[in-house]
Amino acid sequence: MVESFFPDNLEKALELRQKKEIRPIAGGTDLMVRWRRPAGILPAFSGDMLFTKNIAEMNILQKKDTCLYIGANTTLAQLIEWKWTPRLLRLALLEMAAPAVRNVGTIAGNICNASPAGDTLPPLYALDAVVCLQGAAGIRELPVSSFITGPGRTVLKRDELLIGIKLFFPAPDNDMVFYKKVAVRRAAAIAKVSLAMRGSKKNGYVKTIAVAIGAVGPTVVRLPEIERLAEGKTVLNAELLKTIYGEYDKFIQPIDDVRSTADYRRQTARNLLHHVYDNCIKWN
Amino acid sequence: MSDFDIGKPVRKVDNDIKLSGQAKYIADFHIDGMLYARTVRADCPRGIIKRIDIPVLPEGYFSVTADDIPGKNIIKFLADDWPFLAKDRVNYFGEAILLIVGPDRAKLLELAGRVYIEYEMIPAILTIKDALSNNFTPIFGSDNKFASYNYEKGDVDRGFSAAFKVVREKYSTGYQKQAYLENQGMIAVPENDGKISVYGSMQCPYYVKNALVQALAVGEEKVRIVQAFTGGGFGGKEDYPSLLAGHAAFAALKTRRPVAVLYEREEDTAYTPRRHPAEVTLETALDREGRILGMKADIKLNGGAYAGISEVVLQRSIYNICGVYNIENLRVTGAAVATNTVPNGAFRGFGAPQVIFAIEMHMESLAKIFSYDVLDYKKRHMAKQGDRTATNGLFYDEIKLPEMIEKAQEVSFYTSKRAAYQADPELHKGIGISLFLHGCGFTGSGERDIIKAQLKLRRKKDSKRVEIFAANVDMGQGLQTTFRKIAASVLDISVADVIFAYPDTDRVPDSGPTVASRSIMIVGRLLQKAAERLKKRWQENNDIEIIQDYEAPERIKWKGGESSGDAYPAYSWGVNVVEVEIDPLTCETSVTGAWSVFDIGQPIDEMIVEGQIQGGMFQGLGYAAMEVMANDENGRSRQNNLTNYTIPTAMDFAPIENHLMKTYYEDGPFGAKGAGELTLLGAAPAYASAVAQAMNIHIAKLPVTPEYIMREASENE
Amino acid sequence: MSEIKFLLNGGNISVNIDPTMRLLDVLRDILGLTGPKEGCGEGECGACSVLVDHKLVNSCIMPAGNVAGHEVLTIEGFSGEMRYKKLADAFAGAGAVQCGFCTPGMILAAEALLNKVPHPDESQIRRAISGNLCRCTGYNMIVQAIRTAAREGAGLW
């Protein structure tokens with residue numbers, strides 16, 4: 001028999017996490033689908049459930065100095081409306097699922113779901129988002145790229161909860177953003193490929209560029225050391241571009257599945273990648 | 001009511017009950033003591049059932065197998081091959097083998113999961129190619145074809161021997177799922193006297209009834225079928241409800257309790273009939289100027305594991321193969337083949353969308369080969385009144401295609417856009433036009449020889465209200481309103497004074513199924529005639545009952561065995577224009593404009609017809625652009641829900657601008673012809689033509705996905 | 001099992017259920033409200049739409065535990081409102097109802113939109129109903145209906 005708990009503060013919630021195998025659930029838009037069973041039958045959750053909705057510490061949404069803190073219970077719809085939400089993230093949120101899901105689903109849920117096609121992940125990778133995890137041993141903060149280790153896999157410990165996300169504001173060098181979700185239709189669709197990019201230029205030089213590609217491998221692809229090859233440049237010559245694209249190609253390893261083909265994903269990801277590097281140089 | 005305009009929209013009679021959520025669809029029924037049934041399905045595509053182990057069932061739970069079927073374990077369709085429940089062998093992944101029945105749905109799921117079935121596997125036939133390869137044991141008959149046809153008009157050999165050039169092309173089209181929002185469902189209720197009542201979501205109450213009479217081996221008076229509010233059909237609820245009703249009825253008889261079989265989306269998507277995939281080969285002989293001297297056409301439909309209604313679908317494919325064109329020398333061969341996949345069935349258009357796509361794209365290819373403007377070339381070959389149809393029947397009524405094309409050009413700026421987009425390939429824009437027709441009503445002499453529709457109209461003594469008794473259903477297309485309008489306008493009474501209950505086979509005669517764009521044109525005409533007879537007797541102060549039987553128009557000549565003559569009593573016509581813009585990075589298509597002109601005779605209600613057009617074209621665009629369905633290596637559908645079988649949302653396509661070309665059809669009520677199916681046919685070829693222009697590629701396949709566009713575009717480079 | 005209390009269509013309600021139960025099952029099976037429909041069971045089609053605290057949600061993927069203390073409005077509750085009447089008339093007038101299965105959800109999606117944006121443009125309307133699938137109408141007549149309701153119901157939202 002599955003038992004449900006509704007702790008109203010973090011301390012109680014963490015105590016439950018320490019005491020037993022208990023799965024956190026926020027809006028439920030992923031978990032209720034994954035474990036769903038036919039009409040009239042309870043979802044097939046295998047263990048006890050920790051409802052996070054009443055945990056006050058997870059409902060925080062604030063800008064403090066240069067840091068945006070997004071509590072884990074913040075819904076996608078709230079973030080669309082929040083005036084501090086970085087433009088790149090908002091672009092992705094607006095194309096995510098549909099209004100009814102955005103009203104309930106959380107960004108923390110999207111991170112913990114750790115799908116290679118998770119819509120918020122490429123922007124979060126490109127924005128150097130940090131996740132805040134709290135457990136018996138205290139709080140630890142990790143870049144989202146270290147938090148997610150594979151499809152559905154994260155480093156969240158049994159006794160921990162993801163309590164919030166940190167973004168830096170103004171997001172460094174957010175002058176230029178590009179977001180493209182490639183999907184079968186314009187709403188309520190899962191990405192075949194997605195790409196989020198932000199960059200900035202100074203005196204004609206590329207100052208920064210951050211590119212994250214979703215759904216082309218087990219985790220979102222972002223290659224900071226390759227991005228740095230473009231930094232400080234006014235022109236990317238053919239040889240350098242070949243090196244850059246060659247490095248990305250090693251990580252663009254998509255699969256065939258029910259939504260698309262590996263060939264299409266690979267080519268589309270390349271096209272978008274070339275597009276953003278091109279534009280970053282051309283852009284004034 | 002001389003100034004009465006039948007086309008003028010009225011408030012649909014069922015708006016309020018549907019808007020307020022009070023309409024009871026089958027899953028909304030609450031019947032005391034009702035049990036649920038869960039279907040246990042084959043998990044291999046083809047095999048002999050060696051053993052079935054059913055777990056020990058708790059009290060109150062039952063299993064229902066083929067052995068519980070009192071009568072014939074065959075669903076009554078055209079061929080005697082499809083069992084309600086597989087007994088000895090299975091022929092497709094997901095075929096129903098038995099039911100577990102009981103009160104608690106969670107318990108049923110658990111029990112059903114513990115049923116163990118052992119098979120001796122047989123190599124499965126999964127594709128049309130396999131089906132005709134002789135490398136497999138046939139599924140059906142000796143040649144593995146549910147039906148095969150060939151017919152010829154004119155002198156094809158002479159046409160080909162005189163040819164300057166022969167062009168041969170192949171086209172293929174994929175599955176399409178009806179994806180009505182309401183899944184299939186039936187509830188059977190055992191009555192006291194051995195009678196059984198079945199309620200459910202359906203298009204054809206008498207198909208269900210006839211199927212049950214045979215399966216239960218009872219008299220007709222022992223089976224009663226009642227249609228519930230039906231949340232969309234589009235053909236998908238033509239045949240399959242008979243199977244579902246059987247399951248519910250067998251379970252209800254065994255348990256002596258009401259039993260509900262309510263499909264969830266996964267079962268409905270993965271295991272119920274869909275549109276037939278097709279392979280169409282067109283080979284055309286042309287003279288020096290590109291005039292068509294003759295055409296050879298071959299059509300293969302993937303029928304799935306059982307015959308179902310594939311033969312009739314095939315007929316529509318082969319008789320519509322010429323589209324709107326006058327091809328004087330024609331040879332057509334066609335086959336519906338058996339594969340170990342879900343049996344395919346009816347879907348709006350019924351075999352026509354596949355061939356209309358092929359002929360329209362082929363005409364475009366021919367025009368390009370001879371460097372003609374595509375539309376000019378099509379216009380040159382268009383049929384006119386008095387020309388012969390593909391089957392050498394007569395185009396009896398006026399054909400207003402030239403005016404319709406002109407209108408479509410005027411509203412869409414097709415001609416100038418086509419030229420502009422051609423001139424600048426970097427725009428990645430395209431615009432395409434399609435011309436098409438749809439034969440209204442049953443193919444051939446079906447109405448006269450098989451359906452024999454009958455309708456009843458009654459006015460009781462001292463009442464001003466009139467009741468329609470017909471078996472045709474409203475599944476969203478508005479029949480509850482249009483039928484009332486027809487009766488009301490003939491009788492000069494208010495729509496509110498016409499009663500038309502949801503069909504109950506205990507009360508209504510068999511006016512035939514709700515299919516084939518026949519309800520208005522055929523049954524509506526019976527209704528109009530009955531109302532005219534009633535009107536003459538209006539002054540009588542008695543109960544008056546009018547029975548109206550179908551009579552085929554004299555002019556219709558049809559020789560079914562030879563596929564010769566008037567395959568349809570009338571044709572509706574359409575012109576569609578679709579404009580697209582393609583993102584060259586992703587090959588994603590935006591539909592930036594869609595226009596249509598239709599001739600469906602006199603609309604019985606302009607708003608309802610507009611709804612049919614908007615919805616039908618939208619489904620056509622879905623078929624063209626995004627609705628992918630394919631099988632895995634077990635013949636199992638890879639798409640099994642609305643997340644991976646993607647139908648369009650409100651954000652996907654530009655609004656459709658439609659215009660009607662009003663004509664008058666003498667054998668339809670107030671001049672009306674069929675409308676429902678026609679609306680789906682033209683979107684796919686117009687879309688494909690637009691995409692072809694935008695990316696400078698040839699399109700030979702539906703759906704036209706970005707994956708396909710990218711592949712074709714890269715091969716072009 | 002837990003006692004879950006919430007406000008349903010304006011009245012207090014308490015059900016003793018497993019909090020992981022889908023809100024849709026609570027409404028349909030326990031409370032007999034069959035206006036919300038199950039079309040897909042996974043939050044894809046919107047036939048099960050209800051409003052929670054005036055926001056559109058898919059009740060088929062909403063654990064009932066999450067509505068404890070909140071306000072749930074189904075079509076049964078909303079159909080008593082003036083705003084419903086305005087929307088219903090607009091839907092009827094635009095021919096926006098065909099099979100009817102998506103209709104209650106569509107009405108609630110429209111209500112959720114107009115509550116927030118009383119004078120939406122076409123793209124806002126399309127976005128607002130983008131999670132409510134309709135297979136009959138092609139949506140255009142629904143979009144028109146919502147525009148009309150917004151115009152003629154000025155002041156109601």
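Cut-offs applied
- Residues numbered from 1 in each chain as written.
- Chains lettered and ligands numbered in written order.
- Predicted model: local features only at pLDDT ≥ 70, side-chain atom pairs only at ≥ 80, totals over all residues.
- Heavy atoms only, no water.
- Helix = DSSP H or I, 4+ residues; strand = E, 2+ residues; numbered from the N terminus.
- Buried < 20%, exposed > 50% of the residue type's maximum accessible area, 1.4 Å probe, protein only.
- Contact = heavy atoms within 4.5 Å.
- Areas by Shrake-Rupley, 256 points an atom, 1.4 Å probe, with all protein chains shown as cover.
- Buried area = accessible area lost by both parts, 1.4 Å probe.
- Salt bridge = Lys/Arg side-chain N within 4 Å of Asp/Glu carboxyl O.
- Polar contact = N/O pair within 3.5 Å; in protein donor to acceptor, adjacent residues only side chain to side chain.
- Nonpolar A, V, L, I, M, F, W, Y, C, P; charged D, E, K, R; others polar.
- Domains from an automatic or database assignment.
- Pairing = 2+ DSSP bridges.
- Axes fitted to C-alpha atoms, helices over the stretch in contact; angles between N-to-C directions.
- Left-handed = near helix turned anticlockwise from the far one by under 90°.
- 1 Å grid on protein atoms, 1.4 Å probe; cavity = no way out; pocket = protein on both sides within 12 Å on 5 of 7 lines; lining within 4 Å.
- Points joined across faces, edges and corners; volume = space filled by probe spheres on them.
- Expected span 1.5 Å × (residues − 1).
- Arc of directions from axis to C-beta.

Before going further, it helps to examine the overall build of chain B. Looking only at helices and strands, one finds 19 helices and 25 strands in chain B. For chain B, the spread of C-alpha atoms along the three principal axes comes to 75 × 70 × 50 Å. Out of the 717 residues in chain B, the part that is buried amounts to 67%. For chain B, contacts bridging at least 24 residues in sequence account for 80% of all contacts bridging at least 6. Only carbon and sulfur atoms are counted for the fraction: they give 47% of the accessible area of chain B, which is about 24000 Å².

With that settled, the discussion passes to the interface of chain C and chain B. Every contact between the two is made by 44 residues of chain C and, on the other side, 52 residues of chain B. Of the roughly 3700 Å² buried between chain C and chain B on both sides combined, carbon and sulfur atoms contribute 55%. Considering only the side of chain C, the residues that lose the most area to chain B are C:Q98, C:C99 and C:R135, jointly responsible for 21% of the buried surface there. Applying the counting criterion to the chain C and chain B interface returns 5 salt bridges. In this structure, the connection of chain C to chain B is made through 25 residue pairs in polar contact (both at pLDDT 80 or more). The set of elements that each furnish at least two residues to the side of chain C that touches chain B consists of α1 (23–30), α2 (75–78), α3 (82–94), α4 (103–116), α5 (122–128) and α6 (140–152) of chain C. With 7 residues, the top contributor of residues to the side of chain C that touches chain B is α3(C). Residue composition of the side of chain C that touches chain B, by class: 19 nonpolar, 13 polar and 12 charged.

Now for the domain arrangement of chain C. All names here are of chain C. According to the domain assignment, chain C consists of domain 1 (2–77) and domain 2 (79–152). A buried area of about 1300 Å², summed over both sides, lies between domain 1 and domain 2, and 63% of it is on carbon and sulfur atoms. Applying the counting rule to domain 1 against domain 2 returns 0 salt bridges. One can count 8 residue pairs in polar contact (both at pLDDT 80 or more) joining domain 1 with domain 2. Elements with a minimum of two residues in the side of domain 1 that touches domain 2: β3 (49–52) and α2.

The next point concerns the sheet that holds strand β12 (residues 259–262) of chain B. Residue and element names in this part refer to chain B. Judged by pairing direction, the sheet is mixed, and its 7 strands sit side by side in the order β3-β5-β1-β12-β9-β10-β11 without closing on themselves. Sheet topology places β3 (62–64) and β11 (223–227) at the edges, where each strand pairs with a single neighbour. Direction aside, neighbouring strands of the sheet carry axes that sit 25° apart on average. Note: strand β10 (residues 196–200) against β11, 5 bridges, orientation parallel. Note on β11: the bridge partner recorded for Y199 is V226. The strands touched by helix α2 (residues 105–113) within the sheet are β1 (35–41) and β5 (96–102), with β1 carrying the most contacts at an inclination of about 20°. Where helix α5 (residues 205–216) meets the sheet, its contacts fall on β10 and β11, and the angle it forms with β11 comes to roughly 150°.

Residues and elements named next belong to chain B. Assigned domains of chain B: these are domain 1 (31–122 + 184–262), domain 2 (370–443 + 562–716) and domain 3 (446–549). On a C-alpha basis, the centres of domain 1 and domain 3 stand 32 Å from each other. Taken together, the contact between domain 1 and domain 3 spans 20 residues of the former and 17 residues of the latter. Considering only the surface of domain 1 that becomes buried against domain 3, Q203, Y206 and Q227 emerge as the three largest contributors, covering 43% of it.

Right, let's talk about the packing of helix α9 (residues 352–369) of chain B against helix α18 (residues 683–695) of chain B for a bit. When two helices pack together, you describe them by how their axes are tilted relative to each other and by the distance separating the axes. Residue and element names in this part refer to chain B. Where α9 contacts α18, the axes come no closer than 8 Å and their chain directions differ by 35°. Judged by the twist between their axes, the crossing of α9 over α18 is right-handed. Along the contact surface, α9 presents I356, F357, E360, M361 and E364, while α18 presents P685, A688 and S689. Residue composition of the contact of α9 with α18, grouped by class: 5 nonpolar, 1 polar and 2 charged.

Right, let's get into the side chain of B:N644. Secondary-structure assignment places B:N644 in the loop between α16 (606–625) and β25 (656–660). Judged by relative accessible area, B:N644 falls into the buried class, the value being 16%. Reaching out from B:N644, the side chain makes a polar contact with the backbone nitrogen of B:N640 at a distance of 2.9 Å. With near-sequence residues (within four places) excluded, B:N644 lies in contact with A:V258, B:V628, B:R638 and B:Q639.

This part is about empty space enclosed by the protein. Residue and element names in this part refer to chain B. Under the counting rule described, the total for this entry stands at 9 cavities of 30 Å³ or more. Considered as a void within the structure, the largest cavity measures approximately 130 Å³ in volume. Along its surface, the largest cavity is lined by 15 residues, and G444, S445, Y550, A552 and I556 are the ones closest to its centre. Lining the second largest cavity we find 14 residues, and of these Y319, G323, T389, A390 and F395 sit closest to its centre. When the residues that make up the lining of the second largest cavity are grouped by side-chain class, the tally is 9 nonpolar, 4 polar and 1 charged.

With that out of the way, let us pick up helix α10 (residues 238–251) of chain A. All names here are of chain A. For α10, which comprises 14 residues, the first-to-last C-alpha distance of 20 Å matches the rise-based estimate of 20 Å (1.5 Å per residue) to within 8%. Taken together, the buried positions of α10 are occupied by L240, L241, I244, Y245 and Y248. The buried side chains of α10 occupy one side of the element, clustering within an arc of 125° when seen end-on. Opposite the buried face of α10, by more than 90 degrees, sit the exposed residues A238, E239, K242 and K250. Backbone nitrogen of E239 and a side-chain oxygen of the N-cap are separated by 3.1 Å at the start of α10; the cap is N237.

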